[in-house]
Structure formats: structure tokens, C-alpha cells
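# Close look at the chain arrangement
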Amino acid sequence: MQWTFVCYKKMALINPEIEDSWSKILKDEFNSQYFIELKEFLVEEKRKFNIYPPGKLIFNAFNRTPFEKVKVVLLGQDPYHGKGQAHGLCFSVPAGIPQPPSLVNIFKELKNDLNISFPAHGNLEKWADQGVFLLNATLTVRAAQPGSHQNKGWETFTDSVIRKISEKRAGIIFLLWGKYAQAKESLIDTNKHYVLKAAHPSPYSADYGFLGCKHFSKTNSILSRHGISAIDWSI
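Not measured: the values here are computed from a predicted model. (Residues numbered from 1 in each chain as written. Predicted model: local features only at pLDDT ≥ 70, side-chain atom pairs only at ≥ 80, totals over all residues. Heavy atoms only, no water.)

Turning to the nonpolar core, a few remarks are in order. By size, the foremost hydrophobic cluster in this structure holds 63 residues, and its most contacted members are W22, F59, F62, F133 and F157. Setting aside anything within four residues of it in sequence, one finds F62 in contact with I18, E19, W22, L26, F133, L135, L139, F157 and V161. (Core = buried A, V, L, I, M, F, W, Y, C linked by side-chain atoms within 4.5 Å. Buried < 20%, exposed > 50% of the residue type's maximum accessible area, 1.4 Å probe, protein only. Contact = heavy atoms within 4.5 Å.)

All right, on to the packing of aromatic side chains then. The tally for this structure, following the rule as stated, stands at 22 aromatic pairs. Ring centres 6.1 Å apart and planes at 80 degrees place the aromatic pair Y34 and F35 in the edge-to-face group. Cluster of aromatic residues (ring-pair linked, three or more members): W22, F30, Y34, F35, F59, F62, F67, F133, W154 and F157. One residue, R142, lies across the ring of F49, its end atom 3.8 Å from the ring centre. (Phe/Tyr/Trp six-rings, centres within 6.5 Å; stacked < 30°, edge-to-face > 60°. Lys NZ or Arg CZ within 6 Å of the ring centre and 35° of its normal.)

Now for the sheet that holds strand β7 (residues 173–177). Taken in spatial order, the four strands make up an open sheet running β5-β4-β7-β8, and their pairing is parallel. Each of the sheet's edge strands pairs with one partner strand only, and the pair in question is β5 (132–136) and β8 (194–198). For this sheet the average axis-to-axis angle between neighbouring strands, irrespective of direction, equals 20 degrees. As defined by bridge partners, strand β4 (residues 72–76) adjoins β7 across three bridges and the pair is classed as parallel. Note on β7: the bridge partner recorded for V72 is I173. Relative to the sheet, helix α7 (residues 154–168) contacts β4, β5 and β7, its axis offset from that of β5 by approximately 155 degrees. (Pairing = 2+ DSSP bridges. Helix = DSSP H or I, 4+ residues; strand = E, 2+ residues; numbered from the N terminus. Axes fitted to C-alpha atoms, helices over the stretch in contact; angles between N-to-C directions.)

Its 14 residues give helix α5 (residues 101–114) an end-to-end C-alpha distance of 20 Å, which sits within 8% of 20 Å, the value for a rise of 1.5 Å per residue. Within α5 the residues assigned to the buried category are S102, L103, N105, I106, F107, E109, L110 and D113. Looking at the buried positions of α5, the neighbouring elements they touch are α6 (125–129), β7 and α9 (215–225). Count one or two residues on from α5 and you reach N115, which has phi positive near 55 degrees. (Expected span 1.5 Å × (residues − 1).)

Remark: helix α3 (residues 33–48) packs on α7, axes separated minimally by 9 Å, with the N-to-C direction vectors making an angle of 130 degrees. In terms of axis orientation, α3 runs oblique to α7. Crossing hand, α3 versus α7: left-handed. Taking contact as the criterion, the partners of Y34, F35, L38 and L42 in α3 are, on α7, W154, T156 and F157. (Parallel < 35°, antiparallel > 145°, perpendicular 65-115°, else oblique. Left-handed = near helix turned anticlockwise from the far one by under 90°.)

The element β4 is largely enclosed, with a buried count of five among its five residues. Of the two faces of β4, the one carrying V72, L74 and G76 and the one carrying V73 and L75 are both buried. Relative to β5, β4 is paired through five bridges, and the arrangement is parallel. Bridging across to β5, G76 finds its partner in N136.

Another point: the side chain of S102. You can see S102 is positioned in helix α5. Look at S102 and you get buried, because its relative accessible area is 12%. Discounting chain neighbours no more than four positions away, the residues touching S102 are F91, H200, P201, S202 and P203.

Throughout the structure, instances matching the rule amount to nine salt bridges. Of the charged contacts in the structure, one is a salt bridge between E125 and R64, with a shortest N-O distance of 3.1 Å. Of this pair, E125 sits in helix α6 while R64 sits in helix α4 (residues 60–64), placing them 61 residues apart in sequence. Look at E125 and you get partly exposed, because its relative accessible area is 21%. The partly exposed category is assigned to R64, whose relative accessible area is 28%. With a closest N to O distance of 3.0 Å, D232 and K126 form a salt bridge. Taken together, the positions of D232 in the segment after α9 and K126 in helix α6 put the pair 106 residues apart, joining distant regions of the chain. (Salt bridge = Lys/Arg side-chain N within 4 Å of Asp/Glu carboxyl O.)

Without other data, these values stay purely geometric and don't point to any function.
In C-alpha cells, the structure reads:
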């Protein structure tokens, strides 16, 4: 599916694409009034500011991980707001971009948990391609202004995404790191899904329950019990 932001003043067009399975599941969201207003907001933002990630990467998590291939949901909050950092996958940065502190701590836990060596880059596309849905609650941000696109409609959209996964799938593993992500547990049917909670990997909280959580090995143990191929967490 391709959808278009139309700015009637400038007729500016933004044309990100979203993978077909997600397009069908989320059709009602794209046609809703809040989403129309969100698109109008983004057109105006793009006219005035630099917005991350680039339009073609806003739905990168969806395009990398089709609905029926989701095994694990890892929930972030905002895209990175520095130049070149955000590419539509939570916690991930493109190769060649320095690893942000939270991602460094994720790699520390991988080393502690599974003895996986520190990677040379921070691009998590390999995880996404294996079924780890790397979803930010807010899918865009203004350059150098964290949180600038919160409460504009993205959270309504991504909450619906979480509900759809909960309703239409079974046995999905939700990794909820930090209080913000853990507040989304109410959207998940815990009778048919798995929820693993830990502190956020931020340097401010990683030592208080993230480092040592062993979520990577626990995830693979759950997948293996259900006869589902484990995630290769190496990068």
C-alpha cells in the first residue's frame, strides 16, 4: 500500500510504502480521522523542519517484518533525533553511525547472556528480518527535538498495531523495557502471549534490571519450546 500526505498550500507529497499484510490489517487506521490529521501535521512539519527518519523509512519495521512473520515485539518510544541515526527500527542505527548508549547496553547484555561479541555497527535489520518487530511508539521526530511528535496520533496508531498483534496472533514474545513500554502491557492478552519486562537499557537505568535480564536467551527458549526457529541475535 502507498499513501500520500497532501499539503494543499504547497502540494508537498510524501509517499512511504507499507508491506501488504500490514496494509490489510491496518486499513481502518489509515482511513481514520486521527490518521488524516496526523498526515496533515507531518506535511506541515516537513515544510518547516528536518524530520527523521526519511519518509521511505517511516514504516521500515513493518516492511522488514510482515505481520505473519512476527515472532517477537520489541517496543521503543521515539526515533533517534540526530542526523543519520533513525531508520525506522527501534534502538537501531544504520551501519557507520556511532552506537547510541542504550544500544551499547543492549550489546553488553547480549555479551553477558549469549556471549555474542560486540558488533562493529548498530544496524538491527538482521533481527527484523528474522521476525523481531522493532516498533517505536512514535514513528517520526523533529531533528534535535526528542518527543516533538508525541501526542500527534502516532501512539494511537501503534497502540492499535499492538492490539492487532495480540488479537490475531498467538505465542508472540513482547519485550517491554522500561516503564513507558511496560505501560503497553494492558494492550496485550497475556493469556496467549509472553511478556518479558526489564528496566530500560538507557545508562540511567540499565544497572537496575536490564543488564542481567537474559531476555535474549529466554526468548529463544520460548521459541524453541514451541518448535519455532530461534533468533540469531548476532549482528
